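The primary structure of each chain is shown beneath.
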Amino acid sequence: MTTPRPPRPPRIDLLDELSWRGLLHQCTDETGLRAHLADPDTDPRKIYIGFDPTAPSLTIGNLVQIMNLARVRQAGHIPVVVMGGGTGLIGDPSGKSAERMLMTYEIVQSHVRSQRPIFDAVLGTVDGPDYLVFNNADWLMKISYLDALRDIGKFFSVNMMMQKESVKARLENREQGISYTEFSYMILQAYDFDYLSEHMGVSVQFGGSDQYGNIIAGKELQRKRAASLWDEAIVEVQRFKPDIERVDLKASWVDRWKSFVADVLGSIKLTQHSDSQSAWLRGDQPLGAWIRDLSPDRQRAVQKYLLASNRIVAAEECFGLTAPLVTKADGGKFGKTESGAIWLTADRTSPYAYYQFWLNASDADAANWIKVFTFLDRATVESLIDRHAQNPGARELQRTLAQEATRILHGGPAMEQAEQAAKALFSGDIAGLDAATLQEVLADVPSSNRDRADLVGEGADPIGVLKDAGLAASNREAREFIANGSVSVNGSKLAEGVRLTEAHLMHGSLMALRRGKKSWHLVRWS
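The structure reproduced in this document is the subject of the present report. (Residues numbered from 1 in each chain as written. Predicted model: local features only at pLDDT ≥ 70, side-chain atom pairs only at ≥ 80, totals over all residues. Heavy atoms only, no water.)

1. Section: the overall build of the protein chain
Step number 1: Summing up its helical and strand segments, the protein chain has 22 helices and 13 strands in all.
Step number 2: Burial status across the protein chain gives 46% buried among its 526 residues.
Step number 3: Within the protein chain, contacts between residues separated by at least 24 positions form 73% of all contacts whose residues are at least 6 apart in sequence. (Helix = DSSP H or I, 4+ residues; strand = E, 2+ residues; numbered from the N terminus. Buried < 20%, exposed > 50% of the residue type's maximum accessible area, 1.4 Å probe, protein only. Contact = heavy atoms within 4.5 Å.)

As C-alpha cells, then:
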C-alpha cells in the first residue's frame, strides 16, 4: 500500500513572509511589486539572485539569499539562480578595501560546478515551481569590448558610478584606489538584469542591502535601453508614416497592436492572407507569416515597434528588493568563528561543526536566526521564542535552530549524526563515533602525540600520561582522580592498576582521556 504524501504547506505571500522574518529592507516600489506578485497560479514571476563564485563553496552569509529564493518557490513564483561565471572573472568591489586577485576562467567555472549542489540542496527542500539556474558567462563572454561600450556603457554616467559607496571609499584610499576592471563591475551586473528581462522573462532582482545600488543600476539600464529602442522604432516608422503618434504603452499588447495596425499598416494592401493572418491583424494571435508580404522597410518598422514596445512595458514592470545583512547581537561578524568561516559544503565545514555553530548561538541571535535560516512557520517560531523566554536553560530554541538549519543543508541523516555526536561528547560515550566524527567532535580539545611503542607489552602508565596531558598537576593528583573514578578512557572509567595498551585505541591510533565532565584530551599514538 502506497503511503499518501503529506499535504503541501499553504502557499505563502512572499512580501508578508519576508517582512515578518525581518528580511525585507529596500524595495523600488513595494505597492507595485505586491500587485506584480499577486497571481502566482496563472502568472508566476521569475525572481533572480546572483552569486559570484569566489571560492569552491559559499558561506552562511550567502545562505540568507539562497533561503530567500526558496521562499520565492514557496510563494508559487519561479526562483532563478544566476551563477557568476562571467562576473566572477572581474570581482565585485563592494565591501572590499583592496583589489581582488583575478582568477582564471577554468578556476571560476570549477567553482561554479562545485557550488551548484548547495542550491539543489536548499531549494530542493521546499515545494513549488521548478527553479532555474543560469551561468552569466553564457551571455557575458559573447559581448565584444566595442559592443559593451556602445550598447551598455553609453547609458552609465561616470559621475553616478563614482558616488557608489564601494567606489568612493576606494578612490579616497590613495594607496589602493580602484582599477577600471572593478570599477566596471556595476555595468556587468546591471546588464545581467537587462539580459534576463529580455531573454528569460525575469522581472525581479533580489539581493543583499549592499547590492541595492547595482540593482537600481540594472533597472535604470532597462529603462534607458528600452527608451533608446523606442526612439529608433519611431524613426523607422516615420520614414513612411510621418504623423505617427505614440500609443498607450500601458495598454495590453493586443490594444497597442490594434492601434499600430490602424495608424501604420491600415492602408497596406496584403495579398491573399489566410484566416490566421487576418486574426493576427486583429490582434487575436502573435506575429504571423504575412509579414513576409511587407516591404523591407515596413518589416523593420513592425519588428522594431514590437520589440521597443514590449521592452518599455517590461522596464516599467521590473522591480528590485533587498534583505538586510545578517548581524550578531553583540556586534561581532556573522558567520565567523575562531577557526574561520562557516561554509556550506561538508568538505569545508562538517555537518557536526555546522550543527554546533547554530547550537552555540546566543539567546538573542537564536531568536533572530531561527526566522532567517529555517522554514518554520510564524506560529511555530513565536511559540519557540516564548517557551525559550520561560526556560532559557533548556536551550530548546538553539537546539531547534541547529536541527532545522542542518537538515535543510545536509539532510536528515547528517543532522541526526551530528546531534548524536554532540550528545556523545556531553555524555562521554564516544566509542561508537567513526574516526572522522570523533576527531571533529574533539577538534577543539587539547591533544598530543605519543610513541605507540609505549603501549606494547605491559603498556603505558596512565598516571604519567594524565600528568603530561595536563589533566593532573602531579602524580599524586592523577592517582586520586583515578581512585575516585573521575578518569575515563574512550568513555569507559579507568580502574586503578590498569595500564594503557593497544586495546584502548580507537580507530587504530586514537585515545580520548576525560577527567570529570568537561576536561578532555586526545592522544594520537603513532
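2. A closer look at the side chain of Gln-403
Step number 1: By the element assignment, Gln-403 lies in helix α18 (residues 396–410).
Step number 2: Dropping the residues within four chain positions of it, Gln-403 is found in contact with Tyr-355, Met-415 and Glu-419.

3. Section: the pattern of salt bridges
Step number 1: Taken as a whole and assessed by the stated rule, the structure comprises 18 salt bridges.
Step number 2: We note a salt bridge from Asp-16 to Arg-34, for which the minimum N-O separation is 3.2 Å. You can see Asp-16 sitting in helix α1 (residues 14–20) and its partner Arg-34 sitting in helix α2 (residues 30–36), a full 18 residues away along the chain.
Step number 3: Residue Arg-499 is joined to Glu-458 by a salt bridge in which the shortest nitrogen-to-oxygen separation is 3.8 Å. Highlighted residues: Arg-499 in the loop between β11 (492–493) and β12 (510–515) and Glu-458 in the loop between β9 (447–450) and α21 (462–468), separated in sequence by 41 residues. (Salt bridge = Lys/Arg side-chain N within 4 Å of Asp/Glu carboxyl O.)

4. Here we look at the packing of helix α17 (residues 378–390) against α18
Step number 1: The N-to-C vectors of α17 and α18 enclose an angle of 145°; their axes lie 8 Å apart at closest approach. Counted together, Leu-384, Ile-385, Arg-387 and His-388 of α17 and Glu-396, Leu-397, Gln-398 and Thr-400 of α18 form the full contact between these two elements.
Step number 2: Grouping the constituent residues of the contact of α17 with α18 by class yields 3 nonpolar, 3 polar and 2 charged. (Axes fitted to C-alpha atoms, helices over the stretch in contact; angles between N-to-C directions. Nonpolar A, V, L, I, M, F, W, Y, C, P; charged D, E, K, R; others polar.)

5. Digging into the pairing of strand β13 (residues 519–525)
Step number 1: For β13, the tally of buried residues reaches 5 of 7 residues, placing the bulk of the element in the interior.
Step number 2: Relative to β13, β9 runs parallel, the two being bridged by 4 bridges. From the neighbouring strand, Ser-448 faces β13, where its bridge partner is Val-523.
Step number 3: Where β12 lies against β13, 6 bridges are found, and the strand directions are antiparallel. (Pairing = 2+ DSSP bridges.)

6. Topic: the packing of aromatic side chains
Step number 1: Inspection of the entire model under this criterion finds 12 aromatic pairs.
Step number 2: When the ring of Trp-139 is compared with that of Tyr-195, the centres are 4.6 Å apart and the planes differ by 15°; the resulting orientation is stacked. With a gap of 56 residues between them, Trp-139 in helix α5 (residues 137–140) and Tyr-195 in helix α10 (residues 185–200) connect regions that are remote in the sequence.
Step number 3: The class of Trp-139 is buried, set by a relative accessible area of 5%.
Step number 4: Connected via pairs of aromatic rings, a cluster forms that spans Phe-334, Tyr-354, Phe-357, Trp-358, Trp-369 and Phe-373.
Step number 5: It is Lys-219 that lies over the ring of Phe-319; its NZ or CZ is 5.9 Å from the centre.
Step number 6: Lying over the aromatic face of Trp-343, Arg-348 brings its terminal NZ or CZ to 4.6 Å of the ring centre. (Phe/Tyr/Trp six-rings, centres within 6.5 Å; stacked < 30°, edge-to-face > 60°. Lys NZ or Arg CZ within 6 Å of the ring centre and 35° of its normal.)

7. Considerations on the packing of helix α16 (residues 363–372) against α18
Step number 1: Contact pair α16 / α18: the axes reach a minimum separation of 9 Å and the direction vectors enclose 45°. With respect to each other, α16 and α18 are oriented oblique. α18 is crossed by α16, and the crossing has left-handed handedness. The segment α16 lies against α18, with Asp-363, Ala-366, Ala-367, Trp-369 and Ile-370 engaging Leu-397, Gln-398, Thr-400 and Leu-401. (Parallel < 35°, antiparallel > 145°, perpendicular 65-115°, else oblique. Left-handed = near helix turned anticlockwise from the far one by under 90°.)

8. Thoughts on the sheet that holds β13
Step number 1: Spatially, β9-β13-β12-β10-β11 is the arrangement adopted by the 5 strands of the open sheet, whose pairing is mixed. Two strands lie at the open edges of the sheet, namely β9 and β11, each paired on one side alone.

9. Digging into helix α4 (residues 105–123)
Step number 1: Between its first and last C-alpha, α4 extends 27 Å over 19 residues, near the 27 Å set by a 1.5 Å rise per residue.
Step number 2: When the local axis directions of α4 are compared, the greatest deviation, roughly 25°, occurs at Gln-115, which is followed within four positions by the proline Pro-117.
Step number 3: Within the sequence span of α4, burial applies to Val-108, Gln-109, His-111, Val-112, Gln-115, Ile-118, Phe-119, Val-122 and Leu-123. (Expected span 1.5 Å × (residues − 1). Bend = angle between axes of the 7 residues up to and from the residue.)

10. A closer look at the side chain of Asn-214
Step number 1: Its place among the elements puts Asn-214 in helix α11 (residues 212–237).
Step number 2: For Asn-214, a relative accessible area of 0% gives the class buried.
Step number 3: One polar contact links Asn-214 to Gln-189, side chain to side chain, over a distance of 3.1 Å.
Step number 4: Looking at Asn-214, its side chain comes within polar contact range of the side chain of Gln-211, at 3.0 Å. (Polar contact = N/O pair within 3.5 Å; in protein donor to acceptor, adjacent residues only side chain to side chain.)

11. Let's talk about unusual backbone geometry
Step number 1: At Arg-395, a position not held by glycine, the phi torsion is positive, near 55°.
Step number 2: Among the secondary structure elements, Arg-395 is positioned in the loop between α17 and α18.

12. Quick look at the sheet that holds strand β4 (residues 132–135)
Step number 1: Spatially, the 6 strands line up as an open sheet ordered β1-β6-β5-β2-β3-β4, and their pairing is mixed. Across the chains shown, the open sheet's two edge strands, defined by having one partner strand only, are β1 (26–27) and β4.
Step number 2: The pairing of β1 with strand β6 (residues 319–323) spans 2 bridges and is classified as antiparallel. Note on β6: the bridge partner recorded for Cys-27 is Leu-321.
Step number 3: Of the strands in this sheet, β2 (46–51), β3 (78–83), β5 (202–208) and β6 touch helix α3 (residues 60–74), which is tilted by about 165° from β2.
Step number 4: Sheet contacts for α4: β2, β3 and β4; angle to β3, the most-contacted strand, approximately 160°.

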